[in-house]
Amino acid sequence: RAVTDRSVDPGITAGAALLDLVDATFTGSTGRLDAARRTVIDSVGYEGLVDAAAVFATFEMMNRIADATGIPVGRGRLAATRDLRDAAGVTLPPSH
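Remember, it's a predicted structure, so these values are computed and weren't measured experimentally.

## Side note on a nonpolar patch on the surface
Working step 1: Together, I41, Y46 and V50 make up an exposed nonpolar region whose accessible area comes to about 270 Å².
Working step 2: Counting through the fold element by element, V50 comes out in helix α2 (residues 30-69).
Working step 3: Overall, the relative accessible area of 40% leaves V50 in the partly exposed class.

Structural data, given as structure tokens:
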């Protein structure tokens, strides 16, 4: 819930700072990204920033591979993720 509603505490160390880092990465704003990096480093150290970036990059890579290979989303997964997809504004092609 914290991903789509910033008033919800993510419940992890530096959770809000990590969410800001992800948002800044997607926006491409250099100033915002630099500030988010500094906040993460202040919260969890440089090693924590590197770990967070590695996790973020791995998820991005996995999604790109899945998209590129056309891996279908199963009916069970579609049902289980409906609320999350709706909250995030994710729409699927008509074939799903």
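## Comments concerning the side chain of R85
Working step 1: Mapped onto the elements of the fold, R85 is located in helix α4 (residues 82-88).
Working step 2: It is D86 that comes nearest to the buried, bridge-free R85 among opposite-charge side chains, at 5.4 Å.
Working step 3: Ignoring anything within four residues of it in the chain, the contact list for R85 reads L78, V90 and L92.

## Regarding the nonpolar core
In a soluble, globular protein the nonpolar side chains are often hidden away together inside.
Working step 1: Counting nine residues, the largest nonpolar core consists of A14, A17, L21, A24, L33, A36, V40, L49 and A52.
Working step 2: Elements with a contribution of two residues or more to this core: α1 (15-27) and α2.
Working step 3: With five residues, α2 is the single largest residue contributor to this core.
Working step 4: Apart from the residues within four sequence positions on either side, L33 is in contact with L21, A24 and T25.

The rules behind these values
Residues numbered from 1 in each chain as written. Predicted model: local features only at pLDDT ≥ 70, side-chain atom pairs only at ≥ 80, totals over all residues. Heavy atoms only, no water. Patch = residues over 30% accessible without salt bridge, like charges linked within 9 Å, V, L, I, M, F, W, Y side chains within 5 Å. Areas by Shrake-Rupley, 256 points an atom, 1.4 Å probe, with all protein chains shown as cover. Salt bridge = Lys/Arg side-chain N within 4 Å of Asp/Glu carboxyl O. Helix = DSSP H or I, 4+ residues; strand = E, 2+ residues; numbered from the N terminus. Buried < 20%, exposed > 50% of the residue type's maximum accessible area, 1.4 Å probe, protein only. Lys, Arg positive; Asp, Glu negative; His and termini not counted. Contact = heavy atoms within 4.5 Å. Core = buried A, V, L, I, M, F, W, Y, C linked by side-chain atoms within 4.5 Å.

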